[in-house]
Every structure is written in C-alpha cells, then in structure tokens.
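# Remarks on the overall topology
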Amino acid sequence: MPLLGVNLDHVATIRQARLTNEPDPIHAAVLAEIGGADSITVHLREDRRHIQDRDVRLLREISRVGLNLEMAVSDEITKIALSLLPHQVTLVPERRAELTTEGGLDVLTHFARIQQCADQLQGVGIAVSLFIDPNLAQIEAAKKLGVTAIELHTGAYADAQTPKDTEIEFNKLREAGQCAVAQGLRLNMGHGLTYRNVRRIAEIQGVHELNIGHSIVSQAVLVGFERAVREMKLLVTF
C-alpha cells in the first residue's frame, strides 16, 4: 500500500493572497500528521509565490514525518536545501508564468546540470527524486544519474476528458512504473490526484508514495484539515 505525502503549497497560497500570517502551513502540517500523512511536501519556488523560507525551516524542525522539498535545479535553492537537510529533495521544472508545475523535468536535455545538483544533495545524505513524465527514456536517464527515486507526473491522467484517454494515460503510468521499479528506483506519483481518481493510481504495483496537495486543501476548507487527510489516506491505503 502506498504512503501518502501531503503537499502544503496551497495552504500558503491562501495565506499569501492577503500577505498575512494565516493559515499557517506549520499548523496544517501538524494536523496532516495527526490525520495520517506519511510525509510533508512543500515547493520552495524561486519567486516565493506561496511557501516561504521560514516555512521550510520550521517544517524541518517540527515535522515528525519526512520532509520532501520540491525545488528547481537552482543554485540559490540548492544552498538552502544543503543548509536545512530535508529528508528528500524532488527536483522539478519551474516557470514563472505557470499556475502550477505543468510537466515533468527533462532529464535528457538537462542531464549535466541535474547531475551536478543531485550530486551535491546526495553528497550530504539527502535522498533525491526527479519529477518526470511517464516516459521510458526519461526513466532510463534518471537511473543513470544515480538518484534514489522518481515521481511520475500524473497530470495527463488527471486531466483526461474521456474514458478512452483516461485509460491510455493510466497505462502509460503503469508501464513507466514497472520500468522504474525494475531498474531499482523508488516509485512515487503525483499531480492532479483527487478523491475521485486516486484509487486506481494507488493500486499500481510498486508505488511507494503518492503526493497530493490541492485536492486535500480544497476538501479541508469544507471539513477541516485532519479529516481531509484522513479521508484521502483511507482511499490510498484501501
């Protein structure tokens, strides 16, 4: 059964909409852990549109489960990661104009730069995961980098508009997942997963962890954070 990673970015999005101090992602992390979260994920973007440096520092101090720091291949953010030592770093693509991460990291094109960043992080004991599309060539490139894990981008599956397209995207994820596990990579998945579409993904053989944020935060507005996490946890662990 997969673990559940809870992404707190959009708790911070609500806070930053008014540039105030609430809701606090730190409080959300405590409630997420009570609700059954197995790890906490935050994305420290270069533009600091939601999560702030203070958030990552405090989460590293108080979290009793693993902290997964999403970040671009950036010298600035790498220095922060090397200072704070999160349990895992997930390297993701990042564009200023995007609403949220729009696709996977292109490991083939940026191999040397990613290698340099990953080597720095792994050199101090931080596990490194790469957020990539369900593409076999990208998985093979990730394996060559010597990283611990990959996280398959599930956005195309989540956004599919017809049963046929949903099935096509699901099969891509399943095939890519089998390839990753066969090569000894820890298999994570995430992006766009909701209470309605997560079960099939959770049932894919070999999935280690699912990272889910927006859907949980949206549900939490209505039912509270602890309950929202607990409800998702039940779907993931069936």
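In case you missed it, the structure is sitting above this.
These figures come from a predicted structure and were not determined experimentally. (Residues numbered from 1 in each chain as written. Predicted model: local features only at pLDDT ≥ 70, side-chain atom pairs only at ≥ 80, totals over all residues. Heavy atoms only, no water.)

## Describing the nonpolar core
- In this structure, Leu91, Leu130, Leu210 and Phe225 are the most contacted members of the largest nonpolar core, which totals 71 residues.
- Leaving out residues up to four positions away in the same chain, Leu91 has contacts with Met71, Ala72, Val73, Leu105, Ile114, Cys117, Leu121, Val128, Ser129, Leu130 and Phe131. (Core = buried A, V, L, I, M, F, W, Y, C linked by side-chain atoms within 4.5 Å. Buried < 20%, exposed > 50% of the residue type's maximum accessible area, 1.4 Å probe, protein only. Contact = heavy atoms within 4.5 Å.)

## A closer look at the packing of aromatic side chains
- Under the criterion given, the structure shown has one aromatic pair.
- Between Tyr157 and Phe170, the aromatic rings sit 6.3 Å apart at their centres with planes inclined by 50°, giving tilted as the arrangement. Pair noted here: Tyr157 is in helix α7 (residues 155-159) and Phe170 is in helix α8 (residues 163-182), with a separation of 13 residues, a long-range link. Each member of the pair, Tyr157 together with Phe170, is buried.
- We note Arg200 situated over the ring of Phe170; from NZ or CZ to the ring centre the distance is 3.8 Å. (Phe/Tyr/Trp six-rings, centres within 6.5 Å; stacked < 30°, edge-to-face > 60°. Helix = DSSP H or I, 4+ residues; strand = E, 2+ residues; numbered from the N terminus. Lys NZ or Arg CZ within 6 Å of the ring centre and 35° of its normal.)

## Considerations on the packing of helix α2 (residues 25-35) against helix α11 (residues 225-237)
- It is at 8 Å that the axes of α2 and α11 come closest, and there the two elements cross at 40°. By the angle between their axes, α2 is oblique relative to α11. In the packing of α2 onto α11, the handedness of the crossing is right-handed. Of α11, the residues touching α2 (which contributes Ala28, Leu31, Ala32, Ile34 and Gly35) are Phe225, Glu226, Val229, Arg230 and Lys233.
- Each residue belonging to the contact of α2 with α11 can be placed in one class, and the counts come to six nonpolar, one polar and three charged. (Axes fitted to C-alpha atoms, helices over the stretch in contact; angles between N-to-C directions. Parallel < 35°, antiparallel > 145°, perpendicular 65-115°, else oblique. Left-handed = near helix turned anticlockwise from the far one by under 90°. Nonpolar A, V, L, I, M, F, W, Y, C, P; charged D, E, K, R; others polar.)

## Some remarks on the pattern of salt bridges
- Going through the model one piece at a time under the given rule, you end up with 13 salt bridges.
- Of the charged contacts, one joins Arg15 and Asp55 as a salt bridge, the two residues approaching to 2.7 Å between their closest N and O atoms. Residue Arg15 is found in helix α1 (residues 9-18), and its partner Asp55 is found in helix α3 (residues 53-62); the two are separated by 40 residues along the sequence. Each member of the pair, Arg15 as well as Asp55, is classed as buried.
- The shortest N-O distance in the salt bridge between Asp24 and Arg54 comes to 2.8 Å. With Asp24 in the loop between α1 and α2 and Arg54 in helix α3, this pair connects stretches of sequence that are 30 residues apart.
- For Asp24, a relative accessible area of 11% gives the class buried.
- Here Arg54 falls in the partly exposed class, since its relative accessible area comes to 32%. (Salt bridge = Lys/Arg side-chain N within 4 Å of Asp/Glu carboxyl O.)

## Details of α3
- Looking at α3, one finds that the buried residues are Asp55, Val56, Leu58 and Leu59.
- Close packing links the buried residues of α3 with α1, α2, β2 (39-43), β3 (66-71) and α4 (75-84).

## Description of unusual backbone geometry
- Here the bond from Glu22 into Pro23 is cis, since omega is -5°, no more than 30 degrees from zero.
- The residue Pro23 is located in the loop between α1 and α2 in this model.

## Focus on a nonpolar patch on the surface
- A cluster of nonpolar side chains, namely Val30, Leu31, Ile34 and Ile62, defines an oily patch on the protein surface of about 280 Å² accessible area.
- Looking at where Ile34 falls in the secondary structure, it is placed in helix α2.
- Classification of Ile34 by relative accessible area gives partly exposed; the value is 42%. (Patch = residues over 30% accessible without salt bridge, like charges linked within 9 Å, V, L, I, M, F, W, Y side chains within 5 Å. Areas by Shrake-Rupley, 256 points an atom, 1.4 Å probe, with all protein chains shown as cover.)

## A few points about the sheet that holds strand β6 (residues 149-153)
- Ordered by their spatial adjacency, eight strands build a closed barrel running β1-β2-β3-β4-β5-β6-β7-β8, and the pairing between neighbours is parallel. Pairwise comparison of adjacent strand axes, ignoring direction, gives a mean angle of 25° for this sheet.
- As paired elements, β3 and strand β4 (residues 88-91) share four bridges and run parallel to each other. Considered in β4, the bridge of Glu70 is made with Thr90. (Pairing = 2+ DSSP bridges.)

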